Amino acid sequence: MIEVRSLTYRVGDADILKGVDLELPEGGITALIGPNGAGKSTLLHSIAGLNRPAAGTVRIGTLDPFAASGPARARTVALLQQTPVAVSRLRVRELVAFGRWPHHRGRVTSRDEDIVDEALAAFALTDLAGRQVETLSGGQRQRAFIAMTWAQDTPWMLLDEPLNALDPRHARDLMARLHRLSRETGRSVVIVLHDINAAAGWSDRIVAMKDGRVFAHDTSTALLRPDTLAAVFDTPFDVLEHKGRPVVVAR
Amino acid sequence: MARVVFAAVLAGLILVSLGLGAASLAEDGAWLLMVSRFPRTAAALLAGAGLALAGVVVQQAVQNRLVEPSLTGTPEAAMLGMLAVTLIAPGLSVAGKMLVAAASALAGMAGFLALAERVPRQDPMLLPIVGLIYGAILGAVATWAAWYTDLMQYLGIWRLGEFSGVMQGRYEWLWVVAGLAVLLYAVADRITILGLGEAQARSLGLDFRQTRGLGLVIVSVLTALVLVTVGAFPFVGLVAPNLVSRWRGDNLRANLPLIAGLGGTLVLAADVIGRLVGHPFEIPAATVFAVFGAGVFLWLLHAAPGRSHG
Amino acid sequence: MAERRLVLLALALLIVSAGFMAWKLRAPFGFILELRGIKLAALICVGAATGAATVLFQTVAMNRLLTPGIVGFDALFVLFQTLLVATIGGSGVARIPGVVQFAVEASMLMVAAAGLFGVLLRRDAADVTRMILTGVILGVLLRGLAEMVQRLLDPSEFTVVQQAMFASFGAVDPGQLGASFVVLACVLALSWRMAPALDVAALGRGTARGLGLDHDRVVIAAMLMVAALVSVSTALVGPVTFLGLLAASLARQLVDTHRHAVLIPAAAGIGATILVAGQFVFERLFSSQSALAVVVEFFGGLLFLALVLGKARA
């Protein structure tokens, strides 16, 4: 379980997070939604132990990500940032293999190789394994980076806007894949999404943020109501139903 | 108010510059003033004004505020031209040499323009780096040529701008700067439109390529003039226009006199400081300015609103 | 495969070195061999230090166009040399043993560089191009400062500094050369131990931290190593700006791997080979000395432009 208690994060004089309290149970997909500047990305980085907060605590199970050593932290929680770039020219397999670094710290075992192969297969990258990352299309590259995060083999996986720059087909494909993999392996995924319908279609829980606070936190169906959404985004929405799932339309 | 302060500073600098030197003004004062002190002061003001104007024109022409003549390979190209003249036709008149220097400066500028069109636009900071390296390549060629022909000392003189050698009869070509300044003032509006980019300029009915060509000829002539008479002064063309733009916005017609004035004032100040700090030795004005100019540039770079992350 | 190319590279370096030593050897053999040996050692040391330093720097700066020379590492070293002469005088500097002087200057550079560039790399990590431009201008500023302090010196002391300023492989102090090799060997060994961490650091600060790497510590460590390497090469022969760029880019082409355990030795080997081969060609075949630095500058610059424009097309 992830427990966040009155987490405050400050840049200069501006409070980006203003006392966030949040409990996320294990398993399934949690979507983080909210307007630009609500603090979604900052919260994700804080949970991963990368943004040291001004006040408050984070616990991932028993682990305090700010007190733990880097490798211990990276074996518990994996974070994929927005638009990662590398200076090295890497092949897909080499990139994905970096996910094992917190485990082997430079001494690669055959178990690491196996997990990398599994991650490549899980994200349909086996055929691309020998390609240079910079020659991939945007969708393939995003998949390669997510496969790296997957190979980290952590109970918690945090993804910051992974659907950015993906066309509808690749976006759907990625969400479906994450959904299935999370069910199969029991690993928990927290994902920042701008597309509310992607959240509606694939997530088990939704956390809506606004102005550096958690505004609402519930199951997808319970949270996606016109009044809640209107309050979060300050713009009116209609919520329809299609095949038992809510569909959100901006009015 | 700011203008009054500016004028007072300039007047003060001119007085100090006129009064400062190894010999006292008490004897032969008028003669000394006319032959040495006044030419030196005028040369600093003209060179600074010329480079500042060249800077603003080249910035508008490539739509990049971080570029200036010394970041376009132009001075190095002019040096190459001068080296060639010194080798092939040492007896050429000064006017002829100036012409060759200006022509090769123009060729260097054309090369930079060709590069600039291939450098990705979305990143404004890439172009100055490319220009810097381009200049370094031309500079390496010049060094190699000078070294092979035993002309290194010439190169040394051109590379480092200073005014200690300025005397009556040796700097008058710089007055051409004044003439070019008037010309620039006449076409200021067109140069401003140039800064909006090719598509926008065309839709406003401006012949983009012709105007840019004219602007770059002016830049080449200004750079070559200054280089040949007093040497290279990196950063003047960058600092003066950017400071004025921060202070007053971007209306060129109104700003051109200020930019020229500020450029002249800064170079004169650098010269005066260079004469005062190491007394009785002199520090070249270009060196003083490199330290000061680089400092201002760093400030510009970091005081500009940064891209925030959410 | 990458390792095999490394072996080939070592062979190439060996052959050029042998050629350098043996070409048109005349009596007195012992004397000429010693002279050439010292020069060869200096060339190898400088080339290797510059190549390795550039790869290290490019990795933590997340940029394949930058070199320590471009951002003014060597200018900072010259500034310290100048300040040393300015404070204790040219004759005072001459009285200190060369090794001690080198140690003082190198440690000053290491502290200053780790502070200055370490902070710069951390603060501006998000905006890479601004960081490059800041570095480039900082280079200009530091060069200007060094020159200004030199001008304030007595003309006779000025010549002391100026001798150290121009890349020349002619006059090398054997004692300093020995110390340089010790430093070079230590830093190369350290970089080899750090290689897996450097591989991760090259993924960028965010991703590297996500993988549990203490990125800031790696950056500072790399900066210290770069400063030590730059001290070695600048103290021996003076600034060489683009050699590192040439060596690092060619190394990436040649061994085609992201692994620093291979990349750093490759860049070191290529840097050394370029210098030895270049010096051999210019000194023995064209019998001219100082042109080498200029030619390296020329080709390094061309390569830089090719890299930028190549990137634009991709």
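Going along each chain's sequence as written, the residues are numbered from 1 onward. Chains carry letters from A onward and ligands carry numbers from 1 onward, assigned in written order. This being a predicted model, a pLDDT of at least 70 is required before a residue's local features are given, and a value of 80 or more before pairs of side-chain atoms are given or counted; all residues contribute to the totals for chains, interfaces and linings.

Looking at an unreviewed UniProt entry, chain C carries the name Iron complex transport system permease protein, with the source organism given as Lutimaribacter pacificus. According to its UniProt record, chain C has this under Subcellular location (unreviewed entry): "Cell membrane". UniProt positions are given in the numbering used here, feature names are shortened, and annotations may be inferred rather than shown by experiment. The record held by UniProt for chain C lists under Sequence similarities (unreviewed entry) the comment "Belongs to the binding-protein-dependent transport system permease family. FecCD subfamily."

Chain A is annotated in an unreviewed UniProt entry as Iron complex transport system ATP-binding protein from Lutimaribacter pacificus. Of chain A, the UniProt comment under Sequence similarities (unreviewed entry) reads exactly: "Belongs to the ABC transporter superfamily." Within the UniProt record for chain A, the comment given under Subcellular location (unreviewed entry) is "Cell membrane".

### So, the overall build of chain C
Under the scheme used here, helices are H or I runs from DSSP no shorter than 4 residues and strands are E runs no shorter than 2 residues, and both carry numbers assigned from the N terminus. Secondary structure summary: chain C contains twelve helices and zero strands in total. Seen in sequence order, chain C has helices and strands lined up from the N terminus as α-α-α-α-α-α-α-α-α-α-α-α. The burial tally for chain C puts 54% of its 314 residues in the buried class. Burial is judged by counting the other C-beta atoms within 10 Å of a residue's own C-beta: 20 or more makes it buried, 12 or fewer makes it exposed, and any count in between marks it as partly exposed, with every C-beta position built from the backbone.

### A word on the overall build of chain A
Summing up its helical and strand segments, chain A has ten helices and eleven strands in all. For chain A, whose C-alpha radius of gyration is 18 Å, the value lies close to the compact-globule estimate of 18 Å for 251 residues. Counting only C-alpha atoms, chain A reaches 50 × 40 × 30 Å along its principal axes. Burial status across chain A gives 43% buried among its 251 residues. Looking at chain A alone, contacts between residues at least 24 apart form 64% of all its contacts between residues at least 6 apart. What the globule rule says is 2.2 Å times the number of residues to the power 0.38, and the radius of gyration is computed from C-alpha atoms. By definition, residue pairs are in contact when their C-beta atoms, positioned from the backbone, come within 7 Å.

### Focus on the sheet that holds strand β9 (residues 213–219) of chain A
By definition, the strands of a sheet pair up through backbone hydrogen bonds, in either a parallel or an antiparallel sense. Residues and elements named next belong to chain A. In spatial order, the strands read β5-β6-β7-β3-β8-β9; together these six strands make up an open sheet with mixed pairing. Single-partner strands in this sheet number two, and they are β5 (77–80) and β9. Between one strand axis and the next, the sheet turns through 15° on average, direction left out of account. Interaxial angle, 0 to 180 degrees, is taken between N-to-C directions of lines fitted to C-alpha atoms, where a helix line uses only the stretch in contact. Packing of helix α6 (residues 138–151) onto the sheet brings it into contact with β5 and β6 (156–160), and relative to β5 it is tilted by some 170°. DSSP calls a pair of strands paired once it identifies at least 2 bridges connecting them.

### A look at the UniProt feature "transmembrane region" (unreviewed entry) in chain C
All names here are of chain C. Mapped onto the present numbering, the UniProt feature "transmembrane region" (unreviewed entry) falls at residues 38–57, 69–93, 99–121, 218–248, 260–282 and 288–309. Its end C-alpha atoms 20 Å apart, residues 218–248 is made of 84% helix and 0% strand. Secondary structure across residues 260–282 divides into 100% helix and 0% strand, with the first and last C-alpha atoms of the span separated by 32 Å.

### Some details on helix α10 (residues 243–255) of chain C
One full turn of an α-helix is made of 3.6 residues, so residues set three or four places apart face in the same direction. All names here are of chain C. Expected helix span is taken as 1.5 Å per residue step, with the number of steps being one fewer than the number of residues. With 13 residues, α10 should reach 18 Å at 1.5 Å per residue; the first-to-last C-alpha distance of 18 Å fits that figure. Taken across its 13 residues, α10 has ten buried, putting it largely inside the fold. Within the span of α10, buried status applies to L243, G244, L245, L246, A247, A248, S249, A251, R252 and V255. Positioned one or two residues after α10, D256 has a phi angle of 45°, which is positive.

### What about the nonpolar core?
Put simply, a nonpolar core is a cluster of buried Ala, Val, Leu, Ile, Met, Phe, Trp, Tyr and Cys residues tied together by C-beta atoms within 7 Å. Counting residues in hydrophobic clusters, the biggest one holds 274 residues, and the most contacted among them are A147 of chain A, L53 of chain B together with V226 of chain C. It is helix α2 (residues 29–62) of chain B that provides the largest number of residues to this core, a total of 16 residues. Taken domain by domain, this core gets at least three of its residues from each of domain 1 (2–76 + 154–250) and domain 2 (84–153) of chain A. Setting aside residues no more than four positions away along its own chain, V226 of chain C makes contact with A53, L56, F57, P68, F73 and A113 of chain C. For each domain, the first and last residues come from an automatic or database assignment.

### Focus on the environment of S137 of chain A
Residues and elements named next belong to chain A. Relative to the helices and strands, S137 is located in the loop between α5 (110–122) and α6. Note on S137: 11 C-beta atoms within 10 Å, which makes it exposed. With 101 residues separating them in the primary sequence, S137 and D238 have C-alpha atoms 35 Å apart.

### Some thoughts on the sheet that holds strand β2 (residues 14–24) of chain A
Residue and element names in this part refer to chain A. Overall, antiparallel pairing links the three strands, which are arranged β2-β1-β4 in an open sheet. On the outer flanks of this sheet lie β2 and β4 (55–60), each paired with one strand and no other. Neighbouring strand axes in the sheet, compared pairwise and without regard to direction, differ in orientation by 20° on average. Bridge count for strand β1 (residues 2–11) against β2 is eight bridges, and the pairing is antiparallel. Paired with V4 across the two strands is L22, which belongs to β2.

### Side note on the packing of helix α2 (residues 29–61) of chain C against α10 of chain C
Residues and elements named next belong to chain C. For the pair α2 and α10, interaxial distance at closest approach is 8 Å and the crossing angle is 70°. One element, α2, and the other, α10, form an angle in the roughly perpendicular class. In contact with G47, T50, G51, A53, T54, V55 and Q58 of α2, α10 contributes L243, G244, L245, A247, A248 and A251. Among the residues making up the contact of α2 with α10, the classes are represented as seven nonpolar, six polar and no charged. Put simply, angles under 35 degrees are roughly parallel, angles over 145 are roughly antiparallel, angles from 65 to 115 are roughly perpendicular, and the rest are oblique. Only Asp, Glu, Lys and Arg are considered charged, only Ala, Val, Leu, Ile, Met, Phe, Trp, Tyr, Cys and Pro nonpolar, and every remaining residue, Gly among them, polar.

### With respect to the domain arrangement of chain A
Residues and elements named next belong to chain A. Under the domain assignment, chain A is made up of domain 1 (2–76 + 154–250) and domain 2 (84–153). Between domain 1 and domain 2, the residue contacts involve 13 residues of the former and 14 residues of the latter. Counting only elements with at least two residues in the side of domain 1 that touches domain 2, the list comes to α2 (70–74), β6 and α7 (168–185). Of all the elements, α7 adds the most residues to the side of domain 1 that touches domain 2, at four residues.

### Comments concerning the environment of L250 of chain C
All names here are of chain C. Relative to the assigned elements, L250 resides in helix α10. Classification of L250 as partly exposed rests on a count of 19 C-beta atoms within 10 Å. Considered as a pair, L250 and M1 are 249 residues apart in the sequence and their alpha carbons are 16 Å apart.

### Notes on the packing of helix α3 (residues 73–95) of chain C against helix α9 (residues 215–237) of chain C
Residues and elements named next belong to chain C. Between α3 and α9, the shortest axis-to-axis distance is 10 Å and the interhelical angle comes to 65°. Pair α3 / α9 crosses with right-handed handedness. Here F73, D74, F77 and V78 of α3 lie close against α9, whose contacting residues are V226, A227, V230, S231 and T234. Looking at the contact of α3 with α9 residue by residue, the classes come out as six nonpolar, two polar and one charged. By definition, turning the near helix anticlockwise from the far helix through less than a right angle yields a left-handed crossing, and turning it clockwise yields a right-handed one.

### Some words on unusual backbone geometry
Residues and elements named next belong to chain A. In this structure, D211 takes a positive phi of about 50° despite not being glycine. Mapped onto the elements of the fold, D211 is located in the loop between β8 (205–210) and β9. Here D234, not a glycine, exhibits a phi torsion of approximately 55°, which is positive. A residue is classified by how many C-beta atoms lie within 10 Å of it, and D234, with 9 of them, is exposed.

### Here we look at the pairing of β1 of chain A
Side chains on a regular strand alternate between the two faces of the sheet. All names here are of chain A. Between β1 and β2, which pair antiparallel one after the other, the connecting turn spans two residues, and G12 there sits at a positive phi close to 60°. Sheet analysis places β1 next to β4, joined by five bridges and oriented antiparallel. By the bridge assignment for β4, R5 is matched with T57.

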